[in-house]
Amino acid sequence: MSVGCPSGIGPEVAVHAAAHADAEARCLLVGDEETLRRAARASKIAPARFRVVKSAEEVETIELGEIGVWGPSTKLSAPARPGEPDHEAGAAQLAWVNEALALVQDGTAEALVTGPVSKLAIATSGAPGAEGFSGHTEHLAARLGAREVVMAFRAANITTALVTTHLALAEVPAAVTSEAVATSCYWLVRLLRSLGFSAPRVAVAALNPHAGEGGMLGTEEETRIRPGIVRAEERLAAEGLAAALVGPIGAETAFRKQAAGAFDGVVAMYHDQATIPCKLVGFGEAVNVTLGLPVIRTSVDHGTGYDIAGTGKADPRGMESALSLALTLAKARARGS
Ligand SMILES: NC(=O)C1=CN([C@@H]2O[C@H](COP(=O)(O)OP(=O)(O)OC[C@H]3O[C@@H](n4cnc5c(N)ncnc54)[C@H](O)[C@@H]3O)[C@@H](O)[C@H]2O)C=CC1
Ligand SMILES: NCC(=O)COP(=O)(O)O
């Protein structure tokens, strides 16, 4: 688990999630040891439970009840100030993502769970490779050379995948291509199948109000989204993956019907179209998962919470859910599904 921005709530929720992890999950925190000890003390978790390890062999010996800490993690020269990330904090949180990813790539760990980072603190840190950082999703895709990458969220009775990620709203319509729609549909079906839905029912949301109102309120539904659904159906059929794709239908209807149980997932066209319903039904426990990568990556859906960092008010359930989903996906991968 990369612990996220040291000036935010990431270290608190990461230590809490590791301390209360499922017996099957051995956790290794990648972050500044002193910051993590401070977070543990604040959460009344005994720092004596920390086990600092320095090699893949030592990771194997982490025992139930111990909180693994990766010793070689990048260190801070001074304690981070809650709510006020400086350049060192910006650079360190990106380094921890890369260090945790390397542990998954070399087989030391089975999944990457990420704490919340500040895109701005990273992008302005001056660290090599940090300029232009716009989120883990894009960063991991570039670092791993992933051809396809899809941002998805899971919260209570909503599971949704996005066609576009961190993009200014004005740039969204051009990025809603039939290929991008097809890719999101395909990977959402794959996710839902890993979660036990043998023939997922997926609604594909429209971009425009009332699904374009017959072209009066936009044409992307007919020119991009519907052809994208057809492409996805062809790809799924070619791979023998059963699924029912329905759409484009108005986003408000798609999410309402999913929440009522009529669909197993929704393909959303842009960030807030997906995150608003997720955060409404499950703020605090919603999980972000990146699809299409060669590694398993889950994350909290909330941000750095600078306004409450260090106050003990952070709800740790998002990090716990992210860890739990990573475990579920690791098991599904081991089964070959
Ligand atoms: N997974 C990640 O790395 C994410 C990072 N971010 C980043 O976080 C930074 C701040 O973003 P905001 O939009 O302000 O969102 P935010 O989620 O940090 O804060 C929004 C509000 O929710 C509260 N909040 C957040 N997490 C909470 C928790 N676990 N328990 C209780 N209250 C909680 C905060 O105190 C604040 O009032 C930005 O730089 C953004 O890019 C945002 C979302 C996800
Ligand atoms: N709302 C999700 C978010 O902004 C985090 O994105 P990412 O860092 O997981 O790409």
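Residues numbered from 1 in each chain as written. Chains lettered and ligands numbered in written order. Predicted model: local features only at pLDDT ≥ 70, side-chain atom pairs only at ≥ 80, totals over all residues. Heavy atoms only, no water.

- In the nomenclature of an unreviewed UniProt entry, the chain corresponds to 4-hydroxythreonine-4-phosphate dehydrogenase PdxA from the organism Polyangium spumosum.

**A look at the pattern of salt bridges**
Close approach of charged atoms allows side chains with opposite charge to pair.
And then number 1: Under the definition given, this model contains 10 salt bridges.
And then number 2: Between Arg-201 and Asp-264 there is a salt bridge; the shortest N-O distance is 2.8 Å. Within this pair, whereas Arg-201 is found in strand 7 (residues 201-205), its partner Asp-264 is found in the loop between helix 10 (251-259) and strand 9 (265-268), the two being separated by 63 residues in sequence.
And then number 3: We classify Arg-201 as partly exposed; its relative accessible area is 34%. (Salt bridge = Lys/Arg side-chain N within 4 Å of Asp/Glu carboxyl O. Helix = DSSP H or I, 4+ residues; strand = E, 2+ residues; numbered from the N terminus. Buried < 20%, exposed > 50% of the residue type's maximum accessible area, 1.4 Å probe, protein only.)

**Some remarks on the site of ligand 2**
And then number 1: The immediate surroundings of ligand 2 are formed by Lys-119, Gly-135, His-136, Thr-137, Met-151, Phe-153, His-166, His-271, Asn-288, Arg-297 and Asp-301.
And then number 2: One of the side-chain nitrogen or oxygen atoms of Thr-137 is found 2.5 Å away from an oxygen atom of ligand 2.
And then number 3: Here a nitrogen atom of ligand 2 and a side-chain polar atom of His-271 are 2.8 Å apart.
And then number 4: Across the complex, the protein chains shield 90% of the 300 Å² of accessible surface that ligand 2 would expose by itself.
And then number 5: For the shell around ligand 2, the elements supplying multiple residues, two or more each, are helix 6 (136-144) and strand 5 (150-155).
And then number 6: Residues belonging to the shell around ligand 2 are distributed by class as follows: two nonpolar, six polar and three charged. (Near = heavy atom within 4 Å. Polar contact = N/O pair within 3.5 Å; in protein donor to acceptor, adjacent residues only side chain to side chain. Areas by Shrake-Rupley, 256 points an atom, 1.4 Å probe, with all protein chains shown as cover. Nonpolar A, V, L, I, M, F, W, Y, C, P; charged D, E, K, R; others polar.)

**So, the site of ligand 1**
And then number 1: Inspection of the region around ligand 1 gives 20 residues, with Lys-119, Gly-303, Gly-305, Asp-307 and Asp-315 positioned closest.
And then number 2: In the model, an oxygen atom of ligand 1 is placed 3.1 Å from a nitrogen or oxygen of the Thr-304 main chain.
And then number 3: The contact in question runs from an oxygen atom of ligand 1 to an N or O atom on the backbone of Gly-305, over 2.9 Å.
And then number 4: Its free accessible area being 810 Å², ligand 1 has 66% of it covered by the protein chains.
And then number 5: Among the residues forming the shell around ligand 1, the class breakdown is seven nonpolar, eight polar and five charged.

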